[in-house]
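Here are the chains, one letter per residue:
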Number of protein chains: 2
Amino acid sequence: MQPIFDCSLFRGITPEEIKEMFALTNTSIKTCHKNAIIKFQGDEYADLLIILNGVISAEIQSPDGKRIIIETLRTSSVLASAVLFASDNTLPVTITADTDVKIISLSRKTIIQFCRGNEKFLLNYLQDTGNKVIFLAEKIRLFKFKSINQKIAGYLLNLSGKQGTDSVKITYSREQLADLFGIARPSLSRSFSELYNLGILGRDGKIIHILDRIRLKEIILNEDT
Amino acid sequence: MQPIFDCSLFRGITPEEIKEMFALTNTSIKTCHKNAIIKFQGDEYADLLIILNGVISAEIQSPDGKRIIIETLRTSSVLASAVLFASDNTLPVTITADTDVKIISLSRKTIIQFCRGNEKFLLNYLQDTGNKVIFLAEKIRLFKFKSINQKIAGYLLNLSGKQGTDSVKITYSREQLADLFGIARPSLSRSFSELYNLGILGRDGKIIHILDRIRLKEIILNEDT
């Protein structure tokens, strides 16, 4: 049960409570071999999937048939919590096993039962889907910036305004940031390194320091690569 | 109470049940005059707003200070149901009154109470936020298409595949479609008219008929305006 205890949907709920929740419900556990396709883009998504063990990728196909990985998900991650209850509950991505994978399926009925029976679960579920909306809305906002440096500048200045400080806390992983900016991870790292070397940004674990706000703003206005 | 009865979050719930739900809770009703700013972009969104009467706009400012209207909402519409429970629950848009407006505020606590007490409300709420995610994900997918005709073609061909028919049902309003494509409404109408006149598409109320699938596909491949 450890991967379930560590899953964000069960945050703040004790292992005992979680065991009780699961004792009252039917679940099914599925094993997929490495490289298997777990769900195709366009498949109906009628049961919530949580990874009990392994790594999966969510990917789309570009018009020329190339695989574009949108997200990599690991043990305890939840898949597409928002899609589950949408009017059009077809998956916008293909789900592939990157390693051998163990997955648990929870029916919509079970999720509804958990939401009604446990306030923390309900809040976690609403937070998870809400965060997805915020992420996508920010991704759309950042489309207007052309270069990666502009995207970084636009993102950090906005966050700095919200957090009211020049030492900005980043809650996204590198991978999520790359997805947010619509770029590959190595490109993201290169751009950050450049901004550190120029003395415009500094870094301290999950904190990014805006060392030179004027030059950061200039990037947005001037850069045209 | 009629605007509440007509609100999507209360779909399928009888007026009697709704009255009971509201009898147990504190709500506050606010009136705003035409052109008043109801909420600023970046404000905390801690209470769910439902429009009881009037029209409001959700807008963002472009970097050069221009107002860009993202959405126009009318009586019975719900504002930002997903943002309410996000970790970062600050509004990504500014909310302005287009007419004199009457708005009801429901606290997060009230929404949680409604979700736990009424299964239909819970399902409606999860559907509302899920639909938002699907809308934004589709908007991002359509960014790769450059011209409006390409966006229309990409959107309709995808929907046709999902619905398994050449007579595609559009669930979005004209306004939502324009938002989805990131364009102004008159441009959307012009492009649709062009495609009707060319005999590529036909229309029947909410149904769009794909009359010439081959030419529709060609638009995606060839057009470069």
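Residues numbered from 1 in each chain as written. Chains lettered and ligands numbered in written order. Predicted model: local features only at pLDDT ≥ 70, side-chain atom pairs only at ≥ 80, totals over all residues. Heavy atoms only, no water.

(A) Looking closely at the nonpolar core. Membership of the largest hydrophobic core comes to 85 residues, with the highest contact counts inside it found for Phe-10 of chain A together with Phe-10 of chain B. Formed by 61 residues, the second largest nonpolar core is a distinct cluster that contains Leu-180 of chain A together with Ile-140, Ile-170 and Leu-195 of chain B. (Core = buried A, V, L, I, M, F, W, Y, C linked by side-chain atoms within 4.5 Å. Buried < 20%, exposed > 50% of the residue type's maximum accessible area, 1.4 Å probe, protein only.)

(B) Examining the packing of helix H6 (residues 174–181) of chain B against helix H7 (residues 185–197) of chain B more closely. Residue and element names in this part refer to chain B. With their axes 9 Å apart at the nearest point, H6 and H7 run at an angle of 95° to one another. Comparing their axes, H7 and H6 come out roughly perpendicular. Here H6 contributes Arg-174, Glu-175, Leu-177, Ala-178 and Phe-181 to the contact with H7, which in turn contributes Arg-185, Leu-188, Ser-189, Phe-192 and Tyr-196. By residue class, the composition of the contact of H6 with H7 is six nonpolar, one polar and three charged. (Axes fitted to C-alpha atoms, helices over the stretch in contact; angles between N-to-C directions. Helix = DSSP H or I, 4+ residues; strand = E, 2+ residues; numbered from the N terminus. Parallel < 35°, antiparallel > 145°, perpendicular 65-115°, else oblique. Contact = heavy atoms within 4.5 Å. Nonpolar A, V, L, I, M, F, W, Y, C, P; charged D, E, K, R; others polar.)

(C) A look at the packing of aromatic side chains. Residues and elements named next belong to chain A. Tallied over the full model, the rule gives 21 aromatic pairs over all chains. Ring centres of Phe-85 and Tyr-125 lie 6.0 Å apart, and the angle between their planes is 80°; on these two criteria the pair is classed as edge-to-face. Of this pair, Phe-85 sits in the loop between strand S6 (78–79) and strand S7 (94–97) while Tyr-125 sits in helix H4 (residues 119–142); the two residues are 40 residues apart in sequence, bridging distant segments of the chain. Take Phe-85 and Tyr-125: they sit in the same class, and that class is buried. Following the ring pairs from residue to residue traces out a cluster consisting of Phe-10, Phe-22, Phe-85, Phe-114, Phe-121 and Tyr-125. Stacked on the ring of Phe-192, the Lys or Arg Arg-174 has its end atom at 5.1 Å from the ring centre. (Phe/Tyr/Trp six-rings, centres within 6.5 Å; stacked < 30°, edge-to-face > 60°. Lys NZ or Arg CZ within 6 Å of the ring centre and 35° of its normal.)

(D) Spotlight on the packing of helix H3 (residues 108–117) of chain A against helix H4 (residues 119–142) of chain B. For the pair H3 of chain A and H4 of chain B, interaxial distance at closest approach is 11 Å and the crossing angle is 110°. Relative to H4 of chain B, the element H3 of chain A lies roughly perpendicular. The element H3 of chain A and its partner H4 of chain B pack so that their crossing is right-handed. Residues Ile-112, Cys-115 and Arg-116 of chain A of H3 of chain A lie in contact with H4 of chain B, whose contacting residues are Glu-119, Leu-122, Leu-123 and Leu-126 of chain B. Residue classes in the contact of H3 of chain A with H4 of chain B are distributed as five nonpolar, no polar and two charged. (Left-handed = near helix turned anticlockwise from the far one by under 90°.)

(E) Region of the structure containing the interface of chain A and chain B. Chain A puts 32 residues into the contact, and the matching count from chain B is 32 residues. Roughly 3,200 Å² of surface becomes buried between chain A and chain B when both sides are summed, with 72% attributable to carbon and sulfur atoms. The largest per-residue losses of area from chain A upon contact with chain B belong to Arg-116, Leu-126 and Val-133 of chain A, which jointly make up 20% of the total buried on that side. Applying the counting rule to chain A against chain B returns four salt bridges. The partner of Lys-162 of chain A in a salt bridge is Asp-88 of chain B, and the shortest N-O contact between them spans 2.8 Å. Summed over the shared surface of chain A and chain B, the number is eleven residue pairs in polar contact (both at pLDDT 80 or more). Counting only elements with at least two residues in the side of chain A that touches chain B, the list comes to H3 and H4 of chain A. Residue contributions to the side of chain A that touches chain B peak at 16 residues, all from H4 of chain A. (Buried area = accessible area lost by both parts, 1.4 Å probe. Salt bridge = Lys/Arg side-chain N within 4 Å of Asp/Glu carboxyl O. Polar contact = N/O pair within 3.5 Å; in protein donor to acceptor, adjacent residues only side chain to side chain.)

(F) View of the relation of the copies chain A and chain B. Note on the copies: chain A fits chain B at an RMSD of 0.0 Å, the axial shift is 0.0 Å, and the rotation between them is 180°. Such a combination of turn and shift is consistent with a two-fold rotation axis. When C-alpha positions in chain A are compared against the rotation axis, the closest is assigned to Arg-116 of chain A, at 2.2 Å. Both copies present the same face, since 100% of the interface residues in chain A are matched by interface residues at the equivalent positions in chain B. (Least-squares fit on C-alpha atoms with pLDDT ≥ 70 in both.)

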